[in-house]
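Fold and geometry: a report
Here are the chains, one letter per residue:
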Amino acid sequence: MSEYYDTTDKKFTSVYKKETPDILAAFAAFDNAVFAEEGREIPLKFRELIALAVAITTQCAYCIDAHSKNAVKAGATEGELAESAWVATAIRAGGGYAHGRLAFKLSGAGELADAGAHQH
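1. A short note on the overall build of the chain
Secondary structure summary: the chain contains six helices and zero strands in total. Sequence-ordered secondary structure for the chain, helices as α and strands as β, is α-α-α-α-α-α. The burial tally for the chain puts 17% of its 120 residues in the buried class. Across the chain, contacts joining residues at least 24 apart in sequence account for 48% of those joining residues at least 6 apart. Of the roughly 9,100 Å² that the chain leaves accessible, carbon and sulfur atoms contribute 63%.

2. Regarding the nonpolar core
In this structure, L49, L52, A71, A76 and L81 together form the largest nonpolar core, which totals five residues. Sequence-distant contacts of L52, that is, excluding residues within four places in its chain, are made with I64, H67, S68, L81 and S84.

3. A word on helix 5 (residues 78-107)
An ideal rise of 1.5 Å per residue puts 44 Å on 30 residues; helix 5 measures up with 43 Å between its terminal C-alpha atoms. Taken together, the buried positions of helix 5 are L81, S84 and A88. One or two steps after helix 5, the chain reaches G108, where phi turns positive at roughly 80°.

4. Considerations on a nonpolar patch on the surface
On the surface, I42, F46, I50 and V54 cluster together to form a nonpolar patch covering roughly 350 Å² of accessible area. Its location among the elements puts V54 in helix 3 (residues 44-58). Among the residues examined, V54 registers a relative accessible area of 47% and is labelled partly exposed.

5. With respect to the pattern of salt bridges
In this structure the tally under the stated criterion is three salt bridges. The partner of K18 in a salt bridge is E19, and the shortest N-O contact between them spans 3.4 Å. We classify E19 as exposed; its relative accessible area is 51%. In this structure, K45 engages E80 in a salt bridge whose closest nitrogen and oxygen atoms are separated by 2.8 Å. Here the residue K45 occupies a position in helix 3, and E80 occupies one in helix 5, the gap between them amounting to 35 residues.

Each value, and the rule that gives it
Residues numbered from 1 in each chain as written. Predicted model: local features only at pLDDT ≥ 70, side-chain atom pairs only at ≥ 80, totals over all residues. Heavy atoms only, no water. Helix = DSSP H or I, 4+ residues; strand = E, 2+ residues; numbered from the N terminus. Buried < 20%, exposed > 50% of the residue type's maximum accessible area, 1.4 Å probe, protein only. Contact = heavy atoms within 4.5 Å. Areas by Shrake-Rupley, 256 points an atom, 1.4 Å probe, with all protein chains shown as cover. Core = buried A, V, L, I, M, F, W, Y, C linked by side-chain atoms within 4.5 Å. Expected span 1.5 Å × (residues − 1). Patch = residues over 30% accessible without salt bridge, like charges linked within 9 Å, V, L, I, M, F, W, Y side chains within 5 Å. Salt bridge = Lys/Arg side-chain N within 4 Å of Asp/Glu carboxyl O.

The quantities given are spatial measurements derived from coordinates; they are silent on function.
Written as structure tokens, this is what we have:
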């Protein structure tokens, strides 16, 4: 286990078990189906690499820990881990770029500049 969290953090799963056991069971079944070794169209290694890229994008340290290890167990190389990290980086950067355009649109500043340019 990585050092970014206390190894006793898992003990808090008991709250889910006590308070929402039905939802916990449904989540576990869903997660097991998504990451089943067989029976899916996308091979497990690629599903784990997708999960790793998503985990890096969402910055979930727990998921990065689990899915990087699971990807390697499923046959992923360091090169594939690296490319997954770059895919995540490109998606986050692309989101910043696209949301920057949204900021221009929502700010109304461009409309003001355009209106001033048309008043000549």
